[in-house]
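Observations on the model geometry
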Amino acid sequence: MKELHIGKLGIADGIALVFVIVMPRVFLSTISNLLEQDAQILWLSMVIYSAIPLGAVLMMIYVHNRVEGNIFMVCQQLIGKIGAWLVVLTYIVMFISNSALILRLYAEYTLQTALPRVEFQLAIVWYAVSAGIICYLGIEALTRTSSIVMPFSIGGLVIVLLLLMPFYIGYNLTPWQGNGIMQAVHTGIRGAGYNVGVLSLILLTPAFQNTRTIKKAAFYVISYTAILRICFILVYILVFGVAVGAEKTMPLFELARLVYLNQYIQRIEALFIIVWVMIGLLAIAGSLYIGLYLIAVLLKLPALRPIVPLGVIIVANLAMMPPDIGYTLQVDQHLIVLFDIGIYAFPAILFAMTLWKKRRKRLCTSV
Amino acid sequence: MSKSAIHNIITGIKTILVYQPPCHPAPFTLSETQQEKEKIDGDFPPMPVAERRRELDFMLNYAKSTAIFMEKLIRDLRSKPNTEVLEKNKLGLGEIAAEWAEIKKNTIENHSIDGMYNNAVISANITENQHILESLYQLPLNKDVVIRNITIATQPKIKVMLVFMDGLIDKKIINMTILDPLMFMKDLQEKLQGEDLIGAVMEQCLPSGQASRVGGFKEVQQAINTGDAVLFFDGSPEAVTVETKGYEHRSIDRPATEQSVRGSQNAFTEVLRVNTALIRTMLHASDLVTEMIPLGARGHSNCAVMYIKSIVNEELIEEVKRRIKNISTDIITDSGVLEHFIEESPRSPFPQTLSTERPDRVAIHLAEGRVAILIDGSPFGHILPISLFTLMHSADDFSLNLYYTNTLRIVRWLSALLSLLMPSLYLAISTFHQEALPTELLLSIAAARAQVPFPTILEILFMEFSFELIREGGLRIPGILGSTIGIVGALILGQTAVAAKIVSPIMVIVIALTGLAAYSIPDYRLASAFRVSRFIFILLAMSMGLVGVACGLLIFIAVLCSLKSFGMPYLAPLAPKTVSGGDVILRTPAAQQRRRPDELNTKDEIRQKSNSRFWINKSSKGDENS
Amino acid sequence: MYIRLIVWTILLGIGMLLTGCNGSRESEEVAYIVAIGIDKAEQEGMIKVSYQIARPNVEGSKGKSDEDIILLTNTAVTIAESLNLLNSTTSLVPSMSHIKVLIVGEELAHKGMADMWGSLKRFREYRGSMFVLVARGTARGFLEENKPIFNISISKYYETMLSSGIETGYYLRTSFHQFYIRLKSHSAQPYITLVGISPKLGEGRITTKSVPGGKIDGYIAGDIPIQGGNPVEFAGTAIFSGDKMVGTLSTTETRMLAMLLGEYSHGFLTVVDPLVSKSFVNVILRLGSKPDIKVVLTEGHPVITVKIMLEGEISNLPSGINYEEDSFLALLEAQVNKVCQQEMVNMIRYTQEVGSDVAGFGYYIRPLFTNYQEFLAYDWFEQYKQAEVNVTINTKIRRTGLMIRTYPVK
């Protein structure tokens, strides 16, 4: 089968791709839920659930170093055809549902924040079509655009965090243990699915230059996002405190709304909308692309572009299914469990099979 | 009798009363030619093709029989013939000549020279060559081509025909370097007919700098059409082309579109040779190669591809030449047209080559490892492959102070962004997100708009349209009035439109700023691409506010990222992260630009050593610092 | 292929345009509300909402400042209903995204605002950066009587008025965000700037008498003796317990509160001259460093230790005694210390009596707990009422103004 990708993506592309898939969850309401569970110790669980996917990535790199081919061929060699179908189908479901969920949440929040009177289905269709266009242009265009947008989004976020300095109340971070360290560890282990975007590096292995690139990219991006998220959560607690912070639907938007330096620099959140929408669209497009790529690998399709409109329609319809925002947030919680399986179970199984096979016979190493 | 009288009366009344159509001849209508009519009828016209094929078969047979006859003649003549055999051979020759006259008459009448004479070989008979030339150039109808018949003083005298195109040649060169030496040549002994007469003449009698031998009419036509003179020698199946170009052309002037304060003030002209010479005056490299490729089926204009062989990527050169050679078109007049033929995404509004009038820019880019394409007749040269950042450099940047350059570059980039986004941002914020504006500004906008009858989108479109009107009109007005109309149009239109409450004053500011910002983009085509995109952004802002602008901006960046200019990604050092050559958005000092741009994949990556100013290590008195 | 693309683009475009304008409004179709005032209505269970709307200055009519704003009041059960009713009166659509101040009438503040204000955070047009004021009397009265003397727009008036409170410390600026944070924080109680209307008769009413050694009396808004100008006064603070207003602080007490919060920028203080008891000394005070507050949780009651460092500059010295010299300077500093300490102790005692920890001492006990649940279990506000407070003030007078000695007048 002709390979769908030539190995041309580099470290910067990998970093950008994972960054845009992982980051939008910062903007959505997961932070409020987590804050309610953990209070001030949330940063510890963030450290934990950033470190665990790194371990999963390292395991998968080991696997890919020993076994050649894309993810389907690797699984086929290690766990047989049925296992391979199972694994790849789970990943397809994970990424397409991630894309649909982010699409739905973004459309909801557009209705809440930026355009309160827009028609809901119009927002969904608009976002889906834009994400579809970006998917259509290919993975290279996607990663390159992400690597251009990434510094601006980091810069914007940091500026907002810094502009809120008059509002910091240091004592909000105490009592520092929050709801308990064990609680934080528990949340961290359960929440490893938040970083599921890191798996996209593994699933797109043929598109990268070699596994060293993947390793470096994974290290960099997990540390960037971890630092960024921890800074964000610290500032959020500093400004709002746990009680008020856990009430809010859109943490980042509320932070941006609060900025008030003097009578001229206030109400700047409208300018933040541009960056926020761009990251969201890239997240939807990135997850959608990986889902479609896995479908193409599974069904042995020669090209990816013709199924992009189909993927767009599927994702848009999935996004319109939940009846209200509460249900959507519940679905969000359940999906994290699914993502956990993707991060914990499958890499562990593949790693174990590789070790076992390696002990049984010496395979020649191939990259 | 009476019938005719009544008839006369009736016709008389008719002529008086009834409207007679004016008795003009039928007007000229451009009706289809015979060939087109046959094409429209649907069938592939078999007749003319079969006709020509028959002709060609006939001529081939004729040629074969003539060849056989000639061989027989040679054999006969060598074996000491008697008069009988001679007589017979003479008759045979006569027959052949008569047949040939017949054929020629037929073919000249039917004008079926298509394909027949273009690939024809120069014959040894000079009159035949003259007839072929007359068919090719429609002589004696065409008064441009001049044929001069002379004889040169060899033993025996040989007839020489000189052909040139009047107006393209320099008369003095023809007289001095061709006619003079040939006609006043001394007797040349031991010159035999047919045996390298041409070589001897060229070596000894033609004092011209460039002379070459050609064997087919294709090269002869190319030579005559571009201004060389061609010499046909009776008895030789080759001709000599002599360089005699001397047509009037514009002298080297300042650049019309890329003015700079500091930097060379030469600009290209329409003559290819002058342009390549200008580049060579800047770049004295020995391996600066100029390859000439003829373009166009109906007139072979020349296209020059220049590159430095020890730097440039071989595959790039191969690809460029492959693309240029494999286009089939009638005629290419301008390098812009050629660019449309060879670029990868002709439907994209973004320019994928850099078109410049200045040889110093071309020289700098050639030294970086790029390729330059020049066309005869166009004063703009094209440089490829380029990235978006190259398009935003101006010629001044290379020689001015670093801080000034970098400040101006930032201003340029900001104004490029402004020209793209400003009307749409204004529209989005003032209609969807009014909370982003300070209260006082918002109240003054509302006050200004309170009496304007149109919604903001119509105001924007109206002002954009009038700005474009002023700009287009200003382009075409003869010189003296140009600036007046600009001032009149802008001031009066803007001022009175505001006073008449058709637009609000802040709209005038927005549109004026946008228009001016577009002029700070150095490349004209990039500015036009941004102008087109601005319109799309306005529509997006009208429908979905800042969300629409964000989506549009994202797709804009994604389209730019997926664009390639001759295999090199359009946003090269930024998007696939490569090592830059020191000059992307901001410019590093010239002493620190160590590498060539990585994305060009040149053969030689290092421009200069990392310690490029090693006079720092030594003091001026000669002793070294440690 | 091309034709399909064109058809799809046209269909999408038409579909996009047919859905309507997506809520875009031209800037002149919107009425920008600059201030909202909420009062208790005469009918039971209803509130009176007053809206101050800024009118854009249409060209040709140079705005006199009272033509720039319009005041409308209507009565409804909730704020949302009153907004609906407002739309029936104005031709432009009201928009709340430019509200600068929220004013609450005193009566409503005493009754409690939880059912009204908590929900304000939910609606997207309200922002946390709006400022809040409590009006003595009614909010409508405040908005009506407010006639700024300088010809600036009304939103600028509110902004500059509130940001200049830091010049004296007599009133503090609060935003809705700060109010709400303190409401939910379990560590401090909210406070709001107090405003009032003065009858402009030149007579004042003193709320807190000056302490021994000091010469300044404390007023609250509406009681300051003025004549002429804008009758509206910003002075003092309303302090809350939960969401109910329980008391007011006068100007001098607000100054002490500002010092405790670390927000006191500078202001004049007048004390009795320590050596000549008929005369006085003016000192410009500023906070030298952030207040040093420690809270120790002993069984029984918490012990709060406050150390404040002030820096001063002499600005008026009628008695002519050479306080610029070191030995006399110590006397002056001791006098300032005594005055400030007494005022602060009085203020803290008052807040303990009404049960409102506005100074935020509850924040300082947070590091003493290990767990958030433990912290929530400790009832600070009850314990605060019995807390023992020790205040130490350390003043350093560093500068003496433009004169270094005074020669007596013959």
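Quick notes on the packing of helix H7 (residues 139-163) of chain A against helix H19 (residues 524-561) of chain B
- Contact geometry for H7(A) and H19(B): axes closest at 8 Å, N-to-C directions at 120 degrees. As judged from the angle between their axes, H7(A) and H19(B) are oblique. Considering only the axes of H7(A) and H19(B), their crossing is right-handed. Residue-level contacts link Ala141(A), Arg144(A), Thr145(A) and Ile148(A) of H7(A) to Leu554(B), Ile557(B), Ala558(B) and Cys561(B) of H19(B).
- Taken together, the residues of the contact of H7(A) with H19(B) break down into 6 nonpolar, 1 polar and 1 charged.

Section: the environment of Val129(A)
- Assignment of secondary structure puts Val129(A) in helix H6 (residues 120-136).
- Separated by 86 residues in the primary sequence, Val129(A) and Trp43(A) place their C-alpha atoms 36 Å from one another.

Section: the packing of H7(A) against helix H12 (residues 269-299) of chain A
Residues and elements named next belong to chain A.
- In the contact formed by H7 and H12, the axes pass within 9 Å of each other and the chain directions differ by 145 degrees. Handedness of the H7/H12 crossing: left-handed. Judged by residue contacts, Ile139, Leu142, Thr145, Ser146, Val149, Phe152, Ser153, Gly156 and Val160 of H7 engage Phe272, Val275, Met278, Ile279, Leu282, Ala285, Gly286 and Tyr289 from H12.
- When the residues that make up the contact of H7 with H12 are grouped by side-chain class, the tally is 12 nonpolar, 5 polar and no charged.

Quick word on the interface of chain B and chain C
- Counting from both sides, the interface comprises 21 residues of chain B and, opposite them, 22 residues of chain C.
- It is helix H15 (residues 439-449) of chain B that provides the largest number of residues to the side of chain B that touches chain C, a total of 9 residues.

Examining the environment of Leu287(C)
All names here are of chain C.
- Relative to the assigned elements, Leu287 resides in strand S11 (residues 280-287).
- For Leu287, a count of 19 C-beta atoms within 10 Å gives the class partly exposed.
- Residues contacting Leu287, with those up to four places away along its chain left out, are Met259, Gly262, Tyr264 and Leu310.

Observations regarding the interface of chain A and chain B
- On the chain B side, the residues contacting the 27 residues of chain A number 26 residues.
- Within the residue set of the side of chain A that touches chain B, elements represented by two or more residues are helix H5 (71-114), H6, H7 and H12 of chain A.
- Of all the elements, H12(A) adds the most residues to the side of chain A that touches chain B, at 7 residues.
- Residues belonging to the side of chain A that touches chain B are distributed by class as follows: 18 nonpolar, 6 polar and 3 charged.

Points about H15(B)
- For H15(B), the tally of buried residues reaches 9 of 11 residues, placing the bulk of the element in the interior.
- Buried residues of H15(B): Thr439(B), Leu442(B), Leu443(B), Ser444(B), Ile445(B), Ala446(B), Ala447(B), Ala448(B) and Arg449(B), and no others.
- Those residues of H15(B) that are buried lie in contact with helix H14 (402-431) and helix H18 (505-519) of chain B together with strand S1 (30-40), strand S2 (47-54) and helix H6 (154-163) of chain C.

Digging into the sheet that holds strand S10 (residues 381-384) of chain B
Residue and element names in this part refer to chain B.
- Overall, antiparallel pairing links the 5 strands, which are arranged S6-S7-S9-S10-S8 in an open sheet. Edge positions in the sheet fall to strand S6 (288-295) and strand S8 (354-356), since each of these pairs with one other strand and no more. Averaged over all neighbouring strand pairs, the angle between strand axes comes to 25 degrees, with direction disregarded.
- In terms of strand pairing, strand S9 (residues 371-375) meets S10 through 3 bridges, oriented antiparallel. When the sheet's bridge partners are listed, Ala372 is paired in S10 with Ile383.
- Lying over the sheet, helix H12 (residues 359-368) contacts S6, strand S7 (301-308), S8, S9 and S10, oriented at roughly 55 degrees with respect to S7.

Thresholds applied
Residues numbered from 1 in each chain as written. Chains lettered and ligands numbered in written order. Predicted model: local features only at pLDDT ≥ 70, side-chain atom pairs only at ≥ 80, totals over all residues. Axes fitted to C-alpha atoms, helices over the stretch in contact; angles between N-to-C directions. Helix = DSSP H or I, 4+ residues; strand = E, 2+ residues; numbered from the N terminus. Parallel < 35°, antiparallel > 145°, perpendicular 65-115°, else oblique. Left-handed = near helix turned anticlockwise from the far one by under 90°. Contact = placed C-beta atoms within 7 Å. Nonpolar A, V, L, I, M, F, W, Y, C, P; charged D, E, K, R; others polar. Buried ≥ 20, exposed ≤ 12 C-beta atoms within 10 Å, placed from the backbone. Pairing = 2+ DSSP bridges.

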